[in-house]
Amino acid sequence: QLGQLEVDNVDVTKERIVESLRRILRGGEQRLAMELRAAGPMTLTTFLEHTGRSLEQVYDAGGMTHLRRLAGHLPAADDRSLNRRFGRLLHINDPGRLAVLRHPKAAAPPEQLMLGYQLFHETTDLFEAAAWLDRFSPELLTELGELADALSPHAHAVKSQRIVPGWPLHFHRRYDRREIQTACGDMTPRRKRNHREGVLRLSDIRTELFFVTLDKSEGSFSPTTSYRDYAVSRDHFHWETQNSAAEDTRTGKRYIEQGQNGWRFLLFVRESPTDAFVALGPVRYVSHTGERPMGITWLLDVPMPAALFERFSALLAA
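Residues numbered from 1 in each chain as written. Predicted model: local features only at pLDDT ≥ 70, side-chain atom pairs only at ≥ 80, totals over all residues. Heavy atoms only, no water.

A. Highlighting the packing of helix α6 (residues 95–102) against helix α7 (residues 109–119). Packing of α6 against α7 leaves a shortest axis separation of 10 Å and a crossing angle of 80°. Our classification of the angle between α6 and α7 gives roughly perpendicular. Counting all contacts with α6, which are made through Arg97, Val100 and Leu101, the residues of α7 involved are Glu111, Met114 and Leu115. Partitioning the contact of α6 with α7 into residue classes produces four nonpolar, no polar and two charged. (Axes fitted to C-alpha atoms, helices over the stretch in contact; angles between N-to-C directions. Helix = DSSP H or I, 4+ residues; strand = E, 2+ residues; numbered from the N terminus. Parallel < 35°, antiparallel > 145°, perpendicular 65-115°, else oblique. Contact = heavy atoms within 4.5 Å. Nonpolar A, V, L, I, M, F, W, Y, C, P; charged D, E, K, R; others polar.)

B. Structural view of the pairing of strand β6 (residues 264–270). Counting buried positions along β6 yields six of seven residues, so the element is predominantly enclosed. Relative to β6, strand β3 (residues 207–213) runs parallel, the two sharing seven bridges. Within β6, the residue paired with Phe210 across the bridge is Leu267. Two elements, β6 and strand β7 (residues 277–289), share five bridges in a ladder whose sense is antiparallel. Bridge assignment links Leu267 to a residue of β7, and that residue is Gly281. With antiparallel pairing between neighbouring strands as the criterion, β6 and β7 make up a hairpin whose turn holds six residues. (Buried < 20%, exposed > 50% of the residue type's maximum accessible area, 1.4 Å probe, protein only. Pairing = 2+ DSSP bridges.)

C. Region of interest: the confidence of the model for the protein chain. Summing up the model confidence of the protein chain, the mean pLDDT is 86 and the portion of residues at 70 or higher is 84%. Within the protein chain, helix α1 (residues 2–39) has the poorest average pLDDT of any element, 67, and β6 the best, 98. This stretch, residues 219–226, has a pLDDT under 50; its non-local contacts, to residues over four places away or in other chains, come to eight contacts. (pLDDT = per-residue confidence, 0-100.)

D. Highlighting the pattern of salt bridges. Inspection of every chain in the model, using the stated rule, returns 14 salt bridges. Between Arg69 and Asp79 there is a salt bridge, with the nearest N and O atoms lying 2.8 Å from each other. Placement of the pair is Arg69 in helix α4 (residues 64–70) and Asp79 in the loop between α4 and α5 (80–84), with a sequence separation of 10 residues. Like Asp79, Arg69 is buried. Here Glu208 and Arg254 are joined by a salt bridge, their closest N and O atoms 2.8 Å apart. (Salt bridge = Lys/Arg side-chain N within 4 Å of Asp/Glu carboxyl O.)

E. Structural view of the pairing of β3. Of all seven residues in β3, seven are buried; the element is thus mostly enclosed. On β3, burial covers both faces: Thr207, Leu209, Phe211 and Thr213 on one face and Glu208, Phe210 and Val212 on the other are all buried. The sheet contact formed by strand β2 (residues 199–202) and β3 spans four bridges and is antiparallel. Note that in β3 the partner of Val199 across the bridge is Phe210. Linking β2 to β3, which pair antiparallel, is a turn of four residues; within it Arg206 sits at a positive phi near 50°.

F. Highlighting the side chain of Arg173. On the secondary structure map, Arg173 appears in the loop between α8 (138–151) and β1 (174–175). In this structure Arg173 touches Asn93, Asp94, Pro95, His156, Val158, Lys159, Ser160, Phe277, Val278 and Ala279, once residues within four positions along its chain are discounted.

G. Representation of the packing of aromatic side chains in the model. Under the counting rule described, the total for this entry stands at 16 aromatic pairs. With 5.8 Å between their ring centres and 85° between their planes, Phe210 and Tyr255 make a pair best called edge-to-face. Note that Phe210 is positioned in strand β3 and Tyr255 in helix α10 (residues 250–256), a separation of 45 residues in sequence. Residue classification places Phe210 among the buried residues on the basis of a relative accessible area of 0%. Each member of the aromatic cluster is reached from another via a ring pair, and the members are Phe210, Trp239, Tyr255, Trp263, Phe265, Tyr285 and Trp298. A cation over a ring is seen here: Arg177 above Phe211, with NZ or CZ 4.5 Å from the ring centre. Stacked on the ring of Trp167, the Lys or Arg Arg264 has its end atom at 5.7 Å from the ring centre. (Phe/Tyr/Trp six-rings, centres within 6.5 Å; stacked < 30°, edge-to-face > 60°. Lys NZ or Arg CZ within 6 Å of the ring centre and 35° of its normal.)

Shown next as structure tokens:
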């Protein structure tokens, strides 16, 4: 009986915490709606400039269209859950991706799919053609364009080539893992999977993708997954394999013998688990030390910009 009381108390505590968080979120959206109502109808960018609010605050509160409805600038409608998903797009700094936000129905199918899977993380039966876009009202489609305008100042102005011909991924732009999986063909309208590991192998095209997180101080990493990864220079990167890899294993040989076996390796790096990955692109084997794990030095086909090197080398593990 005592044990059951403890469980019941835990459940009650969880319910109170959840309800408290809901009240905070409702309070936040009401405050922002009042600010919008007082300021009058305006674009997303103008609202940010006028109030000093951030995009994160807007989408934590449900999104700009939702706030417009609460402020009385648009008719009431139940689209908050769809609108709030736009907060999953705030990392975009690729001008091509911003163009997709402005005209999603005119985008190429792979780019539409990248957007769809990024917005709908949990959906498994989506995306025959672009039918999922029909779920968005004209107001939400307008807001996607406004979001692109708000993100434009942070986008790269200099054109960048694709890391692989045919993949809508450009050097030194940021992408979420789902976007990368979709762009390389690992996720399709008929197949969706949540890949969380550090290596994604595409055996049919003899390609491996390395997903590297530099700062592993957060709780999502165990001591057995905290590898030493860091930028050595603008064109060299040190990466540790998974713990099972050694010179005489199939995996180790695949890396060491890259020059003869035709395998291609692509590097994606982020600072922390809350960041999107930067596409550093193809790398070539240079040398290695140790085993289980192996410490491999790779040569980047395209050197990273100086600013990226400073960030990716500053987190060098002690």
